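Chain by chain, the residues:
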Amino acid sequence: MHTDTPITVRYGETDMMGVVYHANYLLYFEDARIDFLDAAGFSYSERIEAAGYMSPIRSVEIEYRSPLRYGEAGFVRTTVAKNQPMRTVYHQRVFRAGDDPETDHPLVDALVTVCVVERETFKPVNIKRTFPDLFAVYAEGLEA
């Protein structure tokens with residue numbers, strides 16, 4: 001399973017060189033993960049937050065290869081790279097609009113690791129036990 005989340009680079013997202021400021025890719029990735037969950041039928045706000053949990057980022061590995069610039073359109077392709085009981089690793093890649101993710105190299109390539117924690121205590125929980133249906137969706141959608 002994958003989702004493609006569109007991006008249109010706004011002026012305020014760029015640096016003085018006119019390219020997307022590196023930290024703004026994290027915002028694009030956040031939107032894309034929410035889209036991924038929605039496409040899986042698992043609304044973040046309705047299923048995770050409403051149940052008293054949150055899903056913070058645990059780590060991020062990013063390789064910046066080529067920039068997007070002000071006014072350009074692109075998209076984030078999101079897949080699940082690893083599905084573990086205590087964490088999920090998303091593979092998130094940025095492409096220009098019109099690129100083919102099967103044949104074109106991504107502009108930005110990232111692995112974003114998230115976990116699920118109790119809102120009140122910030123204590124990590126076992127995703128497989130707490131959200132077995134989500135864990136199953138991740139397992140079915142693992143990238144090859």
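Residues numbered from 1 in each chain as written. Predicted model: local features only at pLDDT ≥ 70, side-chain atom pairs only at ≥ 80, totals over all residues. Heavy atoms only, no water.

Visitor: Explain the overall build of the protein to me, please; I cannot follow it from the model alone.
Guide: Along the backbone of the protein there are four helices and seven strands. Scanning the protein from its N terminus toward the C terminus, one meets helices and strands in the order β-α-α-β-β-β-β-β-β-α-α. Expected size for 144 residues packed as a compact globule is a radius of gyration near 15 Å; at 16 Å, the protein falls within 12% of this value. The C-alpha extent of the protein, read off along each of the three principal axes, is 45 × 30 × 25 Å. (Helix = DSSP H or I, 4+ residues; strand = E, 2+ residues; numbered from the N terminus. Rg over C-alpha atoms; globule rule 2.2 N^0.38 Å.)

Visitor: Whenever I open this one, the nonpolar core confuses me. Can you help?
Guide: Taken as a class, soluble globular proteins show a tendency for nonpolar side chains to be buried jointly. Residues Y25, F29, I48, L68 and V94 are the most contacted members of the largest nonpolar core, which totals 30 residues. Put simply, the parts of the chain that give this core at least two residues each are α1 (24–39), α2 (44–49), β4 (73–84), β5 (87–96), β6 (108–114) and α4 (132–140). Beyond its immediate chain neighbours, meaning those up to four positions away, V94 contacts I7, Y25, F29, L68, F75, V76, P106, L107 and V108. (Core = buried A, V, L, I, M, F, W, Y, C linked by side-chain atoms within 4.5 Å. Buried < 20%, exposed > 50% of the residue type's maximum accessible area, 1.4 Å probe, protein only. Contact = heavy atoms within 4.5 Å.)

Visitor: So what exactly am I meant to see when it comes to the layout of surface pockets here?
Guide: Over the atoms, a rolled probe matching the size of one water molecule traces out where space is still vacant. If you add up the space inside the largest pocket, you get close to 160 Å³. If you trace the largest pocket, you find 14 residues lining it, with L37, Y44, S55, Y90 and V114 closest to the centre. Where the lining of the largest pocket is concerned, the elements lending two or more residues are α1, α2, β5 and α4. When residues of the lining of the largest pocket are assigned to their parent elements, the largest contribution, four residues, is made by α1. Within the lining of the largest pocket, the residues separate by chemical class into ten nonpolar, two polar and two charged. (1 Å grid on protein atoms, 1.4 Å probe; cavity = no way out; pocket = protein on both sides within 12 Å on 5 of 7 lines; lining within 4 Å. Points joined across faces, edges and corners; volume = space filled by probe spheres on them. Nonpolar A, V, L, I, M, F, W, Y, C, P; charged D, E, K, R; others polar.)

Visitor: Quick question: what am I supposed to make of the sheet that holds β5 here?
Guide: The pairing of strands in a sheet comes from backbone hydrogen bonds and takes either a parallel or an antiparallel form. With respect to topology, five strands assemble into an open sheet ordered β1-β4-β5-β6-β3, the strand pairing being antiparallel. The two strands at the open ends of the sheet, each matched to only one other strand, are β1 (3–8) and β3 (57–64). Between one strand axis and the next, the sheet turns by 20° as a mean value, whatever way the strands run. In this structure, β5 lies alongside β6, joined through seven bridges in antiparallel fashion. Paired with Y90 across the strands is V112, a residue of β6. Sheet strands in contact with α4 are β4 and β5, and its direction is about 110° off that of β4. (Pairing = 2+ DSSP bridges. Axes fitted to C-alpha atoms, helices over the stretch in contact; angles between N-to-C directions.)

Visitor: Explain the packing of aromatic side chains to me, please; I cannot follow it from the model alone.
Guide: For any pair of aromatic rings, the description rests on two quantities: the centre-to-centre distance and the angle between the ring planes. Inspection of every chain in the model, using the stated rule, returns nine aromatic pairs. Pairing Y90 with Y138 gives two aromatic rings, centres 5.9 Å apart and planes at 90°, and the pair type is edge-to-face. Of the two residues, Y90 sits in strand β5 while Y138 sits in helix α4, which places them 48 residues apart along the sequence. We note that Y90, like Y138, is buried. (Phe/Tyr/Trp six-rings, centres within 6.5 Å; stacked < 30°, edge-to-face > 60°.)

Visitor: For this particular structure, what's the right way to read α1?
Guide: In an α-helix there are 3.6 residues to a turn, and that puts residues three or four apart on one side. Look at α1: 23 Å from first C-alpha to last across 16 residues, which is about the 22 Å you get at 1.5 Å a residue. Of the residues making up α1, those classed as buried are N24, Y25, Y28, F29, A32, R33, F36 and L37. Immediately beyond the C-terminal end of α1, within one or two residues, lies G41, with a positive phi of roughly 75°. (Expected span 1.5 Å × (residues − 1).)

Visitor: I keep staring at the pairing of β5 and nothing clicks. Help me out?
Guide: The two faces of the sheet receive side chains in turn, since in a regular strand these alternate between them. For β5, the buried fraction is high: eight of the ten residues fall into the buried class. Here ten bridges tie β4 to β5, and the two strands are oriented antiparallel to one another. Within the sheet, the bridge partner assigned to T79 lies in β5 and is H91.

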